[in-house]
Amino acid sequence: MSKLLLCSIFVAYFTLSQCDENGYCTSVAEQLMCFKTTQDHTKNGDALTTVQGQPIGDISNSKTVGKRGPVLLEDALLLKETAQFNRERIPARVVHAKGAGAHGQLSICSNFLEKYSKAVVFRNGSSHPVFVRFSQATSEPGTPDTISNLRGFAVKVKTDEGIWDLVGNNLPVFLVRDGRLFTSVIHASLKNPRTHLLDLNMLWDFQSLRNETTLLLLHIYSDLGTPKSYRHMDGFGVNTFRLVNDEGDHFFARFNWKTDQGIKNLTMQEALKKTAQNSDYYIQDLYEAIAQGKYPTWTLTVQILTPKQVKGLHYDPFDATKTWFSDEIPEHKVGKLTLNRNQDNYFAEVEQSAFDPANMPPGIEPSPDKLLHSRLFSYLDSQYYRLGINFNQLPVNRPVNKVIANSYRDGFMVYENSGGMPNYNPNSFMKASAIPRYKDSDYRLSMGPVLVDRYEQPNDNFFQATKLYESFAETDKAHLAENLANDLKSVFPFIRERALRNFKAVSPDLEQRIQKMLNK
């Protein structure tokens, strides 16, 4: 017997000894090794069954004509096993394909937002169950966790008045401001359709042609692009939302999650080392921290602008490529997010969790943010494609309040069909009715010509990037220049020169640092 096999048996035996009475273990490594044998289950009276509940007498042998004859079509168990296996993967997300998730609570500890929004989620002293999914923005299921990337930070809050999905990222801005460009920015970041390889020429061609990407690029190519873990990064709603109070007054807000573990990052060299050691490093870190009772927390903060303040700003606050700097627009602490329970099943909960920015309880509404408007359609449409029309009935997505009196019926994988009540509105057979206080608010539009491009020159896409760069420490500036140069040295010269012009507009110092690294 080989030493490797003996070592494996020893590790398996030792790990089993750490399992609890149900065969479950606290760490990822232990849980992968722990198992319950068939004998353990059967002695307790359990039996294998089909998904329809019929007990299985033999799982190992197909029905055949004689011992060596052909398999019979009447072998229903074989057909069920095979058909189920063929369908056990759903289409992967086009973006944010790889992720980790956990359950927890959002507790509101301030009455600050009560004067700005009638949403019950913001009532002081309230607590709401949440599910959070962290992810790699441009990824496939096998993408290493620690590569430089934008990270998704999606929070599903289940309130008494429906679900609030705050679907954001770990950085405060996005690459483009208009939804028409969203598909292009993603396609440029994915694999070349001819070679099926990542192509830096595609990526930098798009990014250099659209210089509103510059601010986010400074974030991603700094050490902020490689967080130490999901626990050690902030989260941002990115888009601007409209808040409406009981009096019908309007305000505008951005929501942020500030990590209580402290922001900690990896250098590019440290990240590459982690990638070689464990491609699922972030997933393991989050799972084991929660399993060990080291529950990560974030402070929910909000930034508020009145309509009058919006008019006085020298930039568009509804532009998702612009950040709201806290020294200009203060952040107010309003709540605490705590993740305290791991998923019972990764596929059922993390993979099938579905987020939709259009899920906003009364008191939270869309602002004139153009990128948000496109997301209100694209996320829901994506869920219909991936999970089917009834994805909201899955436990991880189901609201906590009762869902009644809507006209939705039937469709693929329906679980709850609202009974046999006539499914049209209005009708004479339901006691439920629309409640006026939940109506969307009225607001005034400044009527003018229909415009394709409302961003007239000069539209400065660099002044915030300059402010961010000047806030970096010397080490951060050096890492940023090195990381950018590592990419740019591999792209066509004409694309590189265009990108360098954009970085020179941010700071001549940044352009010089990159150029120096390129000349090495």
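Position numbers for residues start from 1 in each chain and track the written sequence from start to end. A pLDDT threshold of at least 70 governs which residues receive local features in this predicted model, and a stricter bar of 80 or more applies before side-chain atom pairs are shown or counted, although totals over entire chains, interfaces and linings include all residues. The side-chain values count all of the structure's non-hydrogen atoms but skip hydrogen atoms and water molecules.

Strands here are runs of E lasting at least two residues and helices are runs of H or I lasting at least four, both read from the DSSP assignment and numbered beginning at the N terminus. Mapped onto the fold, N192 is located in the loop between α5 (182-189) and α6 (200-209). Polar contacts involving the side chain of N192 include one to the main-chain amide nitrogen of R194, which spans 2.7 Å. The criterion used for residue contact is that any of the two residues' heavy atoms lie within 4.5 Å. The contacts of N192, once residues within four sequence positions are left out, are L197, D199 and M202. Polar contacts here mean pairs of N or O atoms no more than 3.5 Å apart (in protein, one a potential hydrogen donor and the other a potential acceptor; neighbouring residues in sequence count only if both atoms are side-chain atoms).

Below, the discussion takes up the pattern of salt bridges. When a carboxyl oxygen of Asp or Glu is within 4 Å of a side-chain nitrogen of Lys or Arg, the pair counts as a salt bridge. Tallied over the entire structure, the rule returns 20 salt bridges. In this structure, the salt-bridge partner of E351 is R386, at a minimum N-O distance of 3.1 Å. In this pair, E351 sits in helix α11 (residues 346-351) while R386 sits in helix α12 (residues 370-387), placing the two residues 35 residues apart along the sequence. Relative accessibility under 20% of the residue-type maximum defines a buried residue, over 50% an exposed one, and the middle range a partly exposed one, all with a 1.4 Å probe and only protein chains included. The exposure class of R386 is buried, given its relative accessible area of 5%. Of the charged contacts in the structure, one is a salt bridge between R513 and E474, with a shortest N-O distance of 2.9 Å. Of this pair, R513 sits in helix α16 (residues 508-518) while E474 sits in helix α14 (residues 474-488), and the two are 39 residues apart along the sequence. The network of salt bridges with common partners includes R93, E351 and R386.

With 87% of its residues at a pLDDT of 70 or more, the protein has an overall mean of 86. The quantity called pLDDT is the predictor's confidence in a given residue, expressed from 0 to 100. Considering only residues more than four positions removed or in separate chains, one finds that residues 1-18, a stretch of pLDDT under 50, has 13 contacts. Within the model, pLDDT remains below 50 along residues 31-43, and this stretch shows 19 contacts once partners closer than five positions in the same chain are excluded.

Pairing of aromatic side chains requires ring centres within 6.5 Å, counting the rings of Phe and Tyr and the six-membered ring of Trp. Pairs whose planes differ by under 30 degrees are stacked, by over 60 edge-to-face, and all others tilted. Counting across every chain of the model gives 20 aromatic pairs. When the ring of F153 is compared with that of W298, the centres are 5.6 Å apart and the planes differ by 85°; the resulting orientation is edge-to-face. Of this pair, F153 sits in strand β3 (residues 151-159) while W298 is found in strand β8 (residues 297-305), placing the two residues 145 residues apart along the sequence. Judged by its relative accessible area of 1%, F153 falls in the buried class. Taken together, a centroid distance of 5.9 Å and an interplanar angle of 50° make the contact between Y281 and Y282 tilted. Taking relative accessible area as the criterion, Y281 reaches 15% and is therefore assigned buried. Classification of Y282 by relative accessible area gives buried; the value is 0%. Only when the NZ of Lys or the CZ of Arg is both within 6 Å of the ring centre and within 35 degrees of the ring normal is a charge said to sit over the ring. In this structure, K156 packs its charged tip against the face of F355, placed 4.8 Å from the ring centre. Sitting over the ring of Y469, K477 keeps its end group 5.0 Å from the ring centre.

Here we come to a nonpolar patch on the surface. By definition, no residue in a patch forms a salt bridge, and every one has over 30% relative accessible area; like charges are joined within 9 Å, nonpolar side chains (Val, Leu, Ile, Met, Phe, Trp, Tyr) within 5 Å. Residue exposure ignores everything except the shown protein chains as possible cover, and the areas themselves are Shrake-Rupley values with a 1.4 Å probe. A cluster of nonpolar side chains, M421, Y424 and F429, forms an exposed patch at the surface whose accessible area comes to about 320 Å². Following the sequence through the fold, M421 ends up in the loop between α12 and α13 (463-471). Assessed through its relative accessible area of 34%, M421 is described here as partly exposed.

Attention now moves to the nonpolar core. Core analysis: the largest hydrophobic core is formed by 44 residues, its most contacted members being W204, L218, L488, F503, L510 and I514. For this core, the elements supplying multiple residues, two or more each, are α5, α6, α7 (214-221), α13, α14, α15 (493-506) and α16. With 6 residues, the single largest contributor to this core is α7. Residue types Ala, Val, Leu, Ile, Met, Phe, Trp, Tyr and Cys, when buried and joined through side-chain atoms within 4.5 Å, form a set referred to as a nonpolar core. Listed in part, the 40 residues of the second largest apolar core include L106, V157, F251 and V302.

Another point: the pairing of strand β1 (residues 99-108). In terms of burial, β1 is a largely internal element, 8 of the 10 residues being buried. Pairing of β1 with strand β2 (residues 127-136) involves 9 bridges; the strand directions are antiparallel. Paired with A102 across the bridge in β2 is V132. Each pair of strands is called paired provided DSSP finds at least two bridges between the two strands. Pairing between β1 and strand β9 (residues 332-341): 6 bridges, direction antiparallel. Along β9, the bridge assignment pairs I108 with G335.

On to the packing of α6 against α14, then. For helices, the axis comes from a line fit to the C-alpha atoms of the stretch in contact; other axes are also lines fit to C-alpha atoms, and the angle between any two N-to-C directions lies between 0 and 180 degrees. It is the contact of α6 with α14, at a shortest axis distance of 10 Å, that shows an interaxial angle of 115°. Of the residues in α14, those in contact with L200, L203 and W204 of α6 are L484, D487 and L488. Residues are sorted three ways: Asp, Glu, Lys and Arg are charged, Ala, Val, Leu, Ile, Met, Phe, Trp, Tyr, Cys and Pro are nonpolar, and all the rest, Gly among them, are polar. Residue classes in the contact of α6 with α14 are distributed as 5 nonpolar, no polar and 1 charged.

The subject of this paragraph is α5. All of the buried residues in α5 are V185, I186, A188 and S189. When α5 is viewed along its axis, its buried side chains cluster within an angular range of 160° and face the same direction. Residues of α5 that are buried sit in contact with α6. Here the arc refers to the directions that run from the helix axis out to each C-beta atom.

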